[in-house]
Amino acid sequence: MLQSRLAGAEGMGTYTLISPIYSLVVSVALSGICMAVNHLSAESAAIGDYDALPRIFRIGVALFVGLFLLMAALLLCFQNDIAGIILGDIRAKRAMILFLPCIFLTGFENLCKNVCYGLREVRYPVISELVEQALRMMAVGTILWGVAPQTPDKAAECIILGMTISEVFSSFYMTHSLGKVYHAFPKNEKREGKRLGTSLLKIALPVSLSAVAGNLLGAVITVNLPKRLMLYGWDRMEAVASLGVINAMAMPLMYLPLTLIGPISSAVGPKITGSDALGNHADAARKSVKALEMTGLFAIPMCFSLVLPGMYVMEWVFGHAVKEEVLLVLGASAVFAAFQSVTSGILVGYGRQKEAMGFNLLGGCLHLGMMWYLTPKMGIWGTLLGGLAGNILPTVLSIGFLRGKLSLAVPFGKAIWRPCYISFCCYAIGRAVWLLLGKGFLGSIGSVLISAGIYLLLVRMSGYNPSRYIQTLIPVAKQQKINHGQN
């Protein structure tokens, strides 16, 4: 919120316009390696091959550094063409280059995090994430306030510099914490390096290729959205500002509940991998079902509960009014994004990385097609509906694959229909309170409190026990230590 106020809509729009470069470099140099490190760490821990864990990390780091240097060299050599021709603004060149040290630090942080997720040691990644976010807010806010940028490209540079400062802490903290995690495991016989490296590449390569294709689609959508809006009749300044309002303000606000869903996706994959590696298929299926139920229980009500207070936040905090219908569509998109994330995590846990990435790629293609065709006719609604459809398609395909190919009993009642009923009741009653108390601060707070009370009541009446779901997916630290000692 502070960042949006200080940088302005055009500054946030310029930052959003440059961000696909960040995503593309990360997808090439990091995404597949992180998934492979996560999967192999979980598998090695499940079978008791603890000496393989440091070597998995070292191989991952070597691959990341090599790919990062290659991408950095390409970016530096063609920086003028990328900024001037592809992004359409040569002033964005410096901000684009500033992403490189941020990505380098992010690589070490995420590799360490994925090893921890694979070993079910979630404490250190959680601490790192919380402190990093706090540092990022302070760093970005301080730099924007001190520099007071007068142009959108300078505002984007300030934001990226603040991000890099926060990554310094995360990378060093996670590297130090990973050493403590390794020391908690006993020593045993080593695994052959050739087999380990081959296994990592076998997982990382298709994931990286799919991630690159997906991020290229995302980059095409982001870069061309202002151009398609100009065909609708807007000028470039208005189009870029709209990109900043929707993609950098409204969307992060409505996607806020996904910060709770992300750990579910990260936790369920390694646990399924471990159970599957030991032949305990029933336990893997049980954890998959619980993950889907948790997603519905938390994501659906929470995403829609943000619609009414979101209008107040957008107008009085961000300084830009957004219609209720827009936030409703973004809320629905966030719900399907949550299910997409968790179903992808389940597929990866079963070793179905290609299918997970393929489904996500199809969703990106649908989003691009709808944005390209509908935006000149419908304005910003073209990309909003495209984003919603692009999240629905991979979710439906993933659930269909889990039911058909893996014979997983997807709990539609407890994961979808019942949470939808709870969400409708909370939203309807919260909206009545919002209208009664007024569409301002008091109405927003009242609607949130009443909705939260109705939610807790209906959750209990429906037979849910959220604490049991969490315990099913994430074991307590004491039990982990007992299991390590027994092994």
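Residues numbered from 1 in each chain as written. Predicted model: local features only at pLDDT ≥ 70, side-chain atom pairs only at ≥ 80, totals over all residues. Heavy atoms only, no water.

(A) Structural context of the pattern of salt bridges. The full count for this structure, using the stated rule, is 10 salt bridges. Residues Glu132 and Arg136 are paired through a salt bridge, measuring 2.8 Å at the closest nitrogen-oxygen approach. Separated by 4 residues within a single helix, Glu132 and Arg136 lie in helix H5 (residues 123-147), roughly one turn from each other. Judged by relative accessible area, Glu132 falls into the buried class, the value being 2%. (Salt bridge = Lys/Arg side-chain N within 4 Å of Asp/Glu carboxyl O. Helix = DSSP H or I, 4+ residues; strand = E, 2+ residues; numbered from the N terminus. Buried < 20%, exposed > 50% of the residue type's maximum accessible area, 1.4 Å probe, protein only.)

(B) Structural context of the side chain of Ser166. Tracing the backbone shows Ser166 in helix H6 (residues 152-183). A distance of 3.4 Å separates the side chain of Ser166 from the side chain of Arg136, its partner in a polar contact. Excluding residues within four positions of it along the chain, Ser166 makes contact with Glu132, Leu135 and Arg136. (Polar contact = N/O pair within 3.5 Å; in protein donor to acceptor, adjacent residues only side chain to side chain. Contact = heavy atoms within 4.5 Å.)

(C) Structural view of the packing of aromatic side chains. All told, the structure shown has 11 aromatic pairs when counted by the stated rule. Ring geometry for Phe68 versus Phe104: centroids 5.2 Å apart, planes at 50°, classification tilted. Taken together, the residues Phe68 in helix H2 (residues 52-77) and Phe104 in helix H4 (residues 93-118) connect sequence positions 36 residues apart. The class of Phe68 is buried, set by a relative accessible area of 7%. Measuring from centroid to centroid gives 5.5 Å for Phe169 and Tyr173, while their planes differ by 15°, and the two rings are stacked. Of the two residues, Phe169 and Tyr173 both sit in helix H6, 4 residues apart, roughly one turn of that helix. Given the relative accessible area of 28%, Phe169 is considered partly exposed. Cluster of aromatic residues (ring-pair linked, three or more members): Phe64, Phe68, Phe104 and Phe108. Seen from the ring of Tyr124, Arg123 lies directly overhead, with NZ or CZ sitting 5.3 Å from the centre. The positively charged end of Arg228 is found above the aromatic ring belonging to Trp372, 4.1 Å away from the centroid. (Phe/Tyr/Trp six-rings, centres within 6.5 Å; stacked < 30°, edge-to-face > 60°. Lys NZ or Arg CZ within 6 Å of the ring centre and 35° of its normal.)

(D) Representation of helix H15 (residues 412-437) in the model. Across its 26 residues, H15 extends 36 Å between first and last C-alpha, which sits within 8% of the 38 Å expected from 1.5 Å per residue. If you look at H15, its biggest bend is around 25°, right at Arg418, and the proline Pro419 turns up within four residues after that. Regarding H15, the residues found buried are Ala415, Ile416, Pro419, Ile422, Ser423, Cys425, Cys426, Tyr427, Gly430, Val433 and Trp434. After H15 finishes, the residue Gly438 shows a positive phi value of roughly 105°. (Expected span 1.5 Å × (residues − 1). Bend = angle between axes of the 7 residues up to and from the residue.)

(E) Examining the confidence of the model for the protein chain more closely. Per-residue pLDDT for the protein chain averages 82, and the proportion of residues at 70 or more is 91%. Ranking the helices and strands of the protein chain by mean pLDDT puts helix H14 (residues 380-404) first, with 92, and helix H18 (residues 477-486) last, with 38. Between residues 473-487, whose pLDDT stays under 50, and residues either more than four places distant or in other chains, the model counts 19 contacts. (pLDDT = per-residue confidence, 0-100.)

(F) A nonpolar patch on the surface, seen in detail. On the surface, Val126, Ile127, Leu130 and Val131 cluster together into a nonpolar patch covering about 320 Å² of accessible area. Mapping Val131 onto the fold places it in helix H5. (Patch = residues over 30% accessible without salt bridge, like charges linked within 9 Å, V, L, I, M, F, W, Y side chains within 5 Å. Areas by Shrake-Rupley, 256 points an atom, 1.4 Å probe, with all protein chains shown as cover.)

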